[in-house]
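Observations on chain architecture
Letter by letter, the chains look like this.
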Amino acid sequence: MAYVDAATVPAVRSGAIKLHGPDGFEGMRRAGRLAADILDRLAAHVVPGVTTAALDAMVHDMASEAGAVPASLGYNGYMHSCCISINHVVCHGIPSDRVLREGEIVNIDVTPRLDGWHGDSSRMYAVGDVPVKAQRLIDVTYAAMMAGIAAAKPGNRIGDIGHAIERLVGEHRFGVVRDFCGHGLGRVFHDAPEVVHVGPPGTGPELRPGMFLTIEPMLNAGRPNTKTLSDGWTAVTRDRSLSAQFEHSIGITETGCEIFTLSAAERGRVSSLTCTQDSNAAKT
Ligand code: MF3
Ligand code: CO
Ligand code: CO
């Protein structure tokens, strides 16, 4: 695998892994903070009766007001400011006049591009009271993302992130989705490498300081298999079981990683700098 200094190459996907310096970290902190703030501010609006199109419009407005552009808008023909994935939708749900109902679980995935840098983050929202089993799927998915993040440090490989996620999922009978993965990002929205959310450990590209990645595991309450609907985007569980996802954007540091997209609540609970498997990032 080739590694290049991001400052010396064009901001396009080339297959090589870009290594960023302090300017990149600063740009990603700002974009990541905006993504987190948008997701924080949406929470009060994810209630029974709201349409996903209304939420999409809010994402658009919040990004615009901050001087950012939703990177999804116009991306490969996708014409919305975020993805909103309800219940058995795994990812890439398209905002519409669909109304949210009590008891549903919803992922909202936002990607503001601010001064050229991409903050990519998603989280789960419960619409009113949700079944215990749905809440457990959400909680395990969050813990799985954080376990993957705790394994994101120099010396480890991409496969170690996936292995940590699989280990965390452990005895829970949830399927880890293989059809979609995390990715490099920075000035490019989807860049090398692919971040698969399963092992084996010790495989794949080595993690080096300056790499920017997303970790965005999707867990299904049933089998891991997905299919994409005829709209070309909406991915659903084949067995129609519920699905959950969380996503953070991170940068590999000398000792571990920095999470660029921490929510306000996480900022009180988790250090943005995570160093080892026993750091507080793993104990959420
Ligand atoms: N935000 C998604 C990701 O995590 C990508 C969405 S692409 C879109 O990588 F076009 F569907 F928005
Ligand atoms: Co995303
Ligand atoms: Co992503």
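The structure under discussion appears in the preceding block.
The structure contained in this document is the topic of the report that follows. (Residues numbered from 1 in each chain as written. Chains lettered and ligands numbered in written order. Predicted model: local features only at pLDDT ≥ 70, side-chain atom pairs only at ≥ 80, totals over all residues. Heavy atoms only, no water.)

What follows deals with the sheet that holds strand β8 (residues 117–118). Across the sheet, which stays open at both edges, the three strands sit in the order β3-β7-β8 with antiparallel pairing between neighbours. The outermost strands of the open sheet, each flanked by one partner alone, are β3 (69–70) and β8. Judged from the two bridges that link them, β3 and strand β7 (residues 112–114) form a sheet pairing that is antiparallel. By the bridge assignment, Val-69 is partnered in β7 with Arg-113. (Pairing = 2+ DSSP bridges. Helix = DSSP H or I, 4+ residues; strand = E, 2+ residues; numbered from the N terminus.)

Right, let's get into the nonpolar core. Residues Ile-149, Ile-161, Leu-213, Ile-215, Ile-250 and Ile-252 are the most contacted members of the largest nonpolar core, which totals 38 residues. When contributions to this core are tallied by element, the ones reaching two or more residues are α3 (132–150), α4 (158–169), β12 (191–195), β13 (212–215), β18 (248–252) and β19 (257–259). In terms of residue count, the dominant contributor to this core is α3 (nine residues). When residues no more than four places from it in sequence are discounted, the contact partners of Ile-252 are Phe-25, Ala-152, Lys-153, Pro-154, Leu-207, Arg-208, Pro-209, Gly-210, Met-211, Leu-213 and Cys-257. Listed in part, the 29 residues of the second largest apolar core include Ile-86, Ile-108, Val-110 and Trp-117. (Core = buried A, V, L, I, M, F, W, Y, C linked by side-chain atoms within 4.5 Å. Buried < 20%, exposed > 50% of the residue type's maximum accessible area, 1.4 Å probe, protein only. Contact = heavy atoms within 4.5 Å.)

So, about the layout of surface pockets. If you add up the space inside the largest pocket, you get close to 470 Å³. As for the largest pocket, its lining consists of 24 residues, of which His-92, Cys-181, His-183, His-190 and Glu-216 are closest to the centre. Elements with a minimum of two residues in the lining of the largest pocket: β11 (182–184) and β12. Here the residues of the lining of the largest pocket are counted per class, giving nine nonpolar, seven polar and eight charged. Lining the second largest pocket are 21 residues, with Arg-123, Met-124, Tyr-142, Phe-246 and Arg-269 positioned closest to its centre. Mapped by element, the contributors of at least two residues to the lining of the second largest pocket are β9 (121–126), α3 and α5 (264–267). Classifying every residue of the lining of the second largest pocket by side-chain character gives nine nonpolar, seven polar and five charged. (1 Å grid on protein atoms, 1.4 Å probe; cavity = no way out; pocket = protein on both sides within 12 Å on 5 of 7 lines; lining within 4 Å. Points joined across faces, edges and corners; volume = space filled by probe spheres on them. Nonpolar A, V, L, I, M, F, W, Y, C, P; charged D, E, K, R; others polar.)

Function cannot be read off these values alone, since they describe shape.
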